[in-house]
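Coordinates in review
This is what each chain is made of:
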Amino acid sequence: MGKKEKEPRPYRGVIDEIREQQHKTKDMSLKGKWQYFWDYYKVHTITAVVVILLGGTLIHDILSAKDYAFYGIMLNSIGLSAESMETAFSEYAGIDLETYDCFIDTSSTLSYSTPSEYDMATMQKMVAQVQGHDLDAVVFDSQVFNNYANTEMFADLSEVLPPEEFQKHKDRFYYIDYAPIAKANEDSDYENEAMISSDEGAAASLEDILAEAETHRHPENMEQPVPVGIYMEESPFIQKTGSYGQAQPVFGFIINTQRPETALKYLAFLWDETVDFESMKKNDLFME
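Scope of this entry: the structure provided in the associated data block. Per chain, residues are indexed from 1 in the order of the written sequence. Owing to the predicted nature of the model, reporting of local features is limited to residues with pLDDT of at least 70; listing and counting of side-chain atom pairs is limited to 80 or more, with chain, interface and lining totals taken over all residues. By convention in this description, side-chain values take in all heavy atoms of the structure and omit both hydrogens and water.

It is worth spelling out the overall build of the protein chain at this point. Think of it this way: any DSSP run of H or I at least four residues long counts as a helix, any run of E at least two long counts as a strand, and we number them from the N terminus. Broken down by element type, the protein chain carries 12 helices and 6 strands. By definition in these notes, contact holds between two residues if any of their heavy atoms fall within 4.5 Å. In the protein chain, once contacts between residues fewer than 6 apart in sequence are set aside, the share between residues at least 24 apart is 77%. Residue exposure ignores everything except the shown protein chains as possible cover, and the areas themselves are Shrake-Rupley values with a 1.4 Å probe. Summed over all atoms, the accessible surface of the protein chain reaches about 17900 Å², with 54% contributed by carbon and sulfur.

Structure representation (structure tokens):
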């Protein structure tokens, strides 16, 4: 049998090409070599630089990311300065911002009268925050609060508040009737998500909304009353900022908060007469 021919080396074509390029630039000046390189390899170089920069940024963000010490939402309260609220509460609660993040969202909005894609995005974001155990406490206007309360988003105040705080706020409790919720949970078609009621929401007047909010002050009219919120209209926070206008603001603890002690400090913060809440208004945007 004849001698077996050598199989071609798999990368010979690439090696030959490199040698050819080296031969072309052998006698070029440094400037010429640089120009040749830029003309033929600038796309590759730019791509490599971008990848390195993006990778470095991603690694930096991962390594420098801080855990939340508190995450709250003030829905439909865009006249408030989030930065001022975060700074003041961090000092009040003794949160080390060098180590932890304190985030209070004052920019998110949700409308039931004219629902939009933005409203749907806001709802989906809040559902994700609850499912991710990020969210601790919120202040919603009564219409939005009722919608989420029916999804069991908020904790039973009798299980969260210390006895002295329970007595302090008991006349301001927002109740839901858990009996119909429990019945709905037995229905296989029931979905534990907050959805906009396009029929009732669009037609509801301010009088209707306030009347509905009033019903949640009367546990005696409920089969299985559970306190899940605190009406905030008498709080120093509302009195000094004028937030929420004629709407009825309600405070609630998220049922799966991982930081209940800090959430309790947040409630105390909002009711503290010594806090300078007026300085937290965005004067250029706020409407009295």
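Our focus in this paragraph is helix α5 (residues 142–149). Here's how the labels work: a residue is buried when its accessible area is under 20% of the maximum for its type, exposed when over 50%, partly exposed in between, all with a 1.4 Å probe on protein chains only. Burial within α5 is extensive, with 8 of its 8 residues counted as buried. Those residues of α5 that sit buried are S142, Q143, V144, F145, N146, N147, Y148 and A149.

Turning next to the sheet that holds strand β5 (residues 225–231). Strands are labelled as partners when DSSP assigns at least two bridges between them. Ordered in space as β2-β1-β3-β6-β5-β4, the 6 strands form an open sheet in which the pairing is mixed. Across the chains shown, the open sheet's two edge strands, defined by having one partner strand only, are β2 (100–105) and β4 (173–177). Between one strand and the next, the sheet's axes are offset by a mean angle of 25 degrees, whatever the strand orientation. Here strand β3 (residues 137–141) runs beside strand β6 (residues 249–253); their pairing, made up of 5 bridges, is antiparallel. Looking across to β6, one finds that V138 is bridged to G252. Most of the contacts of helix α8 (residues 178–185) go to β4, to which it runs at about 45 degrees, and overall it touches β4 and β5. Interaxial angle, 0 to 180 degrees, is taken between N-to-C directions of lines fitted to C-alpha atoms, where a helix line uses only the stretch in contact.

Our focus in this paragraph is the packing of aromatic side chains. By convention, a stacked pair of Phe, Tyr or Trp rings (six-membered ring in the case of Trp) has centres within 6.5 Å and planes under 30 degrees apart, an edge-to-face pair has planes over 60 apart, and any other such pair is tilted. Under the defined criterion, the tally for this structure stands at 19 aromatic pairs. Look at F269 and F277: their rings are 5.3 Å apart centre to centre, the planes differ by 70 degrees, and that puts the pair in the edge-to-face class. Taken together, the ring pairs connect F70, F89, Y92, F237, F251, F253, Y266, F269 and F277 into an aromatic cluster. Above the ring of Y231, the side-chain terminus of R217 is found at 3.7 Å from the ring centroid. Whether a charge sits over a ring depends on NZ of Lys or CZ of Arg being within 6 Å of the ring centre and within 35 degrees of the ring normal.

Unlike most non-glycine residues, N76 shows phi in positive territory, near 60 degrees. The phi angle at E152 is positive, at roughly 65 degrees, despite the residue not being glycine. Mapped onto the elements of the fold, E152 is located in the loop between α5 and α6 (157–160).

Turning to its location among the elements, F140 is positioned in strand β3. Placed 109 residues apart in sequence, F140 and P249 show a C-alpha to C-alpha distance of 5.5 Å. Those residues in contact with F140 that sit more than four places away from it in its chain are I73, L75, M126, F145, Y148, M153, F154, Y244, Q248, P249 and V250.

A few words on the packing of helix α3 (residues 82–93) against helix α12 (residues 260–270). Where α3 meets α12, the closest approach of the two axes is 10 Å, and the angle between their N-to-C directions is 110 degrees. Comparing the axis directions of α3 and α12 gives the class roughly perpendicular. Regarding α3 and α12, the two cross each other, and that crossing is right-handed. Counting all contacts with α3, which are made through M85, A88, F89, Y92 and A93, the residues of α12 involved are T262, K265, Y266, A268, F269 and L270. Any residue outside Ala, Val, Leu, Ile, Met, Phe, Trp, Tyr, Cys, Pro, Asp, Glu, Lys and Arg is labelled polar, Gly included; the first ten of those are nonpolar and the last four are charged. Of the residues contributing to the contact of α3 with α12, the split by class is 9 nonpolar, 1 polar and 1 charged. With respect to orientation, any angle under 35 degrees is reported as roughly parallel, any angle over 145 as roughly antiparallel, any angle of 65 to 115 as roughly perpendicular, and every other angle as oblique. Helix crossings are classified by the rotation of the near helix relative to the far one: an anticlockwise turn of less than a right angle makes the crossing left-handed, while a clockwise turn makes it right-handed.

Let us look at the pairing of strand β1 (residues 67–74). Most of β1 sits out of view: 6 of its 8 residues are buried. Direction of pairing for β1 relative to β2: parallel, over a ladder of 6 bridges. Looking across to β2, one finds that G72 is bridged to I104. The parallel pair β1 and β2, bridged by α3, forms a crossover whose chirality is right-handed. Judged from the 3 bridges that link them, β1 and β3 form a sheet pairing that is parallel. Looking at β3, one finds that G72 is bridged to A137. A right-handed crossover is one whose linking path, passing over the helix from the first strand to the second, runs clockwise when the strands point away from the viewer.

To form a nonpolar core, buried Ala, Val, Leu, Ile, Met, Phe, Trp, Tyr and Cys residues must be joined to one another through side-chain atoms within 4.5 Å. F251, Y266 and L270 are the most contacted members of the largest nonpolar core, which has 34 residues in total. If you list the elements that add at least two residues to this core, you get β1, α3, β2, β3, β4, α11 (236–241), β6 and α12. With 5 residues, α12 is the single largest residue contributor to this core. If we skip the residues at most four places from it in the chain, F251 touches A137, V138, V139, F145, V228, G229, I230, M232, A263, Y266, L267 and L270.

With that settled, the discussion passes to α12. For an α-helix the count is 3.6 residues per turn, leaving residues at separations of three or four pointing the same way. Regarding α12, the residues found buried are T262, A263, Y266, L267, F269 and L270. In a view along the axis of α12, the buried residues occupy a sector of 160 degrees, so they form one face of it. Arc, as used here, means the arc of the directions from the helix axis to the C-beta atoms.

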